[in-house]
Amino acid sequence: MSDRITCPVLRARITSAQAAAALINDGDNVGISGFTGAGYPKAVPAALHDAMVDAHGRGEQFRIGLWSGASTAPDADGVLAEAHGVSTRLPYNSDPTMRSLINLGEVDYVDAHLSHSAQHMWFGFYGNLDVAVVEVTAVLPGGLLVPSSSVGNNKTWLDQADRIILEVNSWQPRGLEGFHDIYYGTALPPHRRPIELTDPMQRIGEPYLRIDPEKVVAIVETDRPDRNAPFSPPDENSAAIAEHVVDFLRHEVAAGRMPPELLPLQSGVGNVANAVLAGLGDSEFTDLVAFTEVIQDGMLDLLDNGTLRAASSTSFGLSDVGARRFIDNIDTYKGRILLRSEEISNHPELVRRLGIIAMNGLLEADIYGNVNSTHVMGSAIMNGIGGSGDFARNAFLNFFLTPSTAKDGAISAIVPMVSHVDHTEHDVHVIVTEHGIADLRGLSPRARAERIIERCAHPTFRPALLDYTQRAWTERPRARHTPHLMGEALSWHQRYLETGSM
Ligand code: 0RQ
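In this text the structure is predicted, and so the values were computed from the model without any measurement.

Enquirer: Sorry if this is basic, but what is going on with the packing of helix H9 (residues 271–281) against helix H10 (residues 297–305) here?
Expert: Packed helix pairs are specified by the crossing angle of their axes together with the interaxial distance, meaning the distance between the axes. Packing of H9 against H10 brings their axes to within 8 Å, and their N-to-C directions diverge by 15 degrees. Viewed along their axes, H9 and H10 adopt a mutual orientation that is roughly parallel. As H9 runs across H10, the sense of the crossing is left-handed. Where H9 abuts H10, its residues Asn274, Leu277, Leu280 and Gly281 lie against Asp297, Gly298, Met299, Leu302 and Asn305.

As structure tokens, then:
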């Protein structure tokens, strides 16, 4: 038994993953910890998988509603999807097995803004939460929990659930104590008060999650690492995108629109986002701060080389090498990294007050600047909107980053009309591909189209995009604000579905 559980009352509740899983029933809504592959439960989902498979073998139904902070891992989403044990999933998923069940129509997916998920629970929009299964680093006397490598929605799940199952993971460094800032000041409308955070690294809460020990029905000990997926080294396209972004930021400073140490940075998931951070690390910028939701390897590099002074987030999203580096040097990061609940890390009030520079990926953008981050060819979910909407809509300045083509050039990332809209033309400031950067601020739809096609589209697709824009202008002389040819606007997607190329 580990020394991580010092609360005598709760020590008595230590049990096996199988016994804990047996406390979860068909039809339960289960709120698990986990955000971008960090801090998810590692033993109970596998045991639940076995219980589900057994139940299905006996001809019984066993499916749960699965709620998380954001993405988890094959040991959580993956195993539960393999067991066909999930009826509904929210608010974000990137697991390929779960994704395929969503796209097959077996799992109902509620793809929510991450800043909304906790408050929608509190508002009663999601129904009752039966069980919370939350990974922690340690359990202290009095129902105080040292959170693990992500905070996500844990505070809300622990507060709202009828029953609590804790996983105490000794792989998580004990030194994580003190890295968290859990805010307990949110109230329900009409009693809400301003959130008094005016600096990205300001502490407004406490280092611990609080629980009612009476609700804890099981504690399971684990020692398994987080998902810790590797990153690809920046390829040529990502490096070019990074260079455009860094140049643009230089230009903004020179124009007097932001200070030399910039404004707090948010950087999304994926290889392109990681490459932009690498680009910043190689630049002259220094003393920057991040107010973001995930700390990828690129951000650790910036903290190490002094480009970044400090980072506030809700989670890590590290590779194996990154996680090892963090654990081995944990003391050097203390006070420079803060992990908060996702309702705070992504809070529109704070994103707008602090004046965030938001950088996120996209699947496709259209000539007028609408962005699709989530749906392949209009229908199949990729991951979800995640925090991109929380940050983009409220940012001081937002960037959407993408290679100009996908699938070996068969798909253009710039299309006449997006097949699904996550970020509207009203929200999108700057689009960046390897070919260039389109600053859309203050431009009319027509001017945006010219700029996006000229600066961002792949040269192969440029003539067809220009042709479309010009014909739409000519053929609909009384509809020239945002000219479209309604029968043709989505023909590029249809062509791809029929022929495998746009
Ligand atoms: O698939 O590897 O199978 O070829 O999409 O594309 O170019 O590697 O880009 O890793 O930056 O992800 C939008 C998915 C981009 C991500 C998205 C295919 C492409 C490849 C990935 P393959 P890239 P990235 C913070 C913010 C929403 C959530 C968010 C995302 C795969 O950025 O999920 O921003 N964003 N959260 O081939 C069909 C297209 C395509 C396409 C790319 N037009 N059609 N497939 N691909 N464009 C984090 C959180 O919120 C938790």
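Here the narrative resumes.
Enquirer: What's the story with the site of the ligand in this structure? I'm lost.
Expert: Contacts to the ligand come from 27 residues, most closely from Glu293, Leu363, Asn383, Gly387 and Lys407. Between Glu293 and the ligand, the recorded distance is 3.0 Å, taken from a side-chain N or O atom to an oxygen atom. Here an oxygen atom of the ligand and a backbone polar atom of Gly387 are 2.8 Å apart. Protein chains bury 79% of the 1000 Å² of accessible surface belonging to the ligand in isolation. Secondary-structure elements contributing two or more residues to the shell around the ligand are H9 and strand E17 (357–361). By residue class, the composition of the shell around the ligand is 13 nonpolar, 12 polar and two charged. Taken together, domain 1 (8–222) and domain 2 (236–499) each give at least three residues to the shell around the ligand, which thus spans both.

Enquirer: What am I meant to see in the UniProt feature "domain: Acetyl-CoA hydrolase/transferase N-terminal" (unreviewed entry) in the chain here?
Expert: Residues annotated in UniProt with the feature "domain: Acetyl-CoA hydrolase/transferase N-terminal" (unreviewed entry) correspond here to residues 15–221. With 25% helix and 22% strand, the stretch residues 15–221 has end C-alpha atoms that lie 8 Å from each other.

Enquirer: What's the story with the side chain of Ser404 in this structure? I'm lost.
Expert: With respect to the secondary-structure elements, Ser404 resides in the loop between strand E22 (397–401) and strand E23 (405–406). Overall, Ser404 belongs to the buried group, its relative accessible area being 0%. Polar contacts involving the side chain of Ser404 include one to the side chain of Glu434, which spans 2.7 Å. Residues in contact with Ser404, not counting those within four places in the same chain, are Ile411, Ser412, Ala413, Ile414, Thr433, Glu434, His435, Cys456, Ala457 and His458.

Enquirer: I keep staring at the environment of Ala187 and nothing clicks. Help me out?
Expert: Relative to the helices and strands, Ala187 resides in the loop between strand E8 (180–181) and strand E9 (209–210). Since its relative accessible area comes to 29%, Ala187 is described here as partly exposed. In the structure, Ala187 is positioned 68 residues away from Gln119 in sequence and 9.4 Å away in space, judged by C-alpha atoms.

Enquirer: What am I meant to see in the packing of helix H3 (residues 44–57) against helix H4 (residues 74–82) here?
Expert: Taken N-terminus to C-terminus, the directions of H3 and H4 make an angle of 5 degrees; their axes are 8 Å apart at the nearest point. The pairing of H3 with H4 is recorded here as roughly parallel in orientation. Counting all contacts with H3, which are made through Pro45, Ala46, Leu48, His49 and Met52, the residues of H4 involved are Asp75, Ala76, Val79, Leu80 and Glu82. Here the residues of the contact of H3 with H4 are counted per class, giving seven nonpolar, one polar and two charged.

Enquirer: Which parts of the structure should I look at to understand the side chain of Thr292?
Expert: Mapped onto the fold, Thr292 is located in the loop between strand E12 (288–291) and strand E13 (295–296). A polar atom in the side chain of Thr292 sits 3.2 Å from the backbone nitrogen of Ser267. Beyond its immediate stretch of four places on either side in the chain, Thr292 contacts Leu265, Gln266, Ser267, Met299, Ser312, Ser313, Thr314, Ser345 and Phe391.

Criteria and cut-off values
Residues numbered from 1 in each chain as written. Predicted model: local features only at pLDDT ≥ 70, side-chain atom pairs only at ≥ 80, totals over all residues. Heavy atoms only, no water. Axes fitted to C-alpha atoms, helices over the stretch in contact; angles between N-to-C directions. Helix = DSSP H or I, 4+ residues; strand = E, 2+ residues; numbered from the N terminus. Parallel < 35°, antiparallel > 145°, perpendicular 65-115°, else oblique. Left-handed = near helix turned anticlockwise from the far one by under 90°. Contact = heavy atoms within 4.5 Å. Near = heavy atom within 4 Å. Polar contact = N/O pair within 3.5 Å; in protein donor to acceptor, adjacent residues only side chain to side chain. Areas by Shrake-Rupley, 256 points an atom, 1.4 Å probe, with all protein chains shown as cover. Nonpolar A, V, L, I, M, F, W, Y, C, P; charged D, E, K, R; others polar. Domains from an automatic or database assignment. UniProt positions renumbered as here; feature names shortened; annotations may be inferred. Buried < 20%, exposed > 50% of the residue type's maximum accessible area, 1.4 Å probe, protein only.

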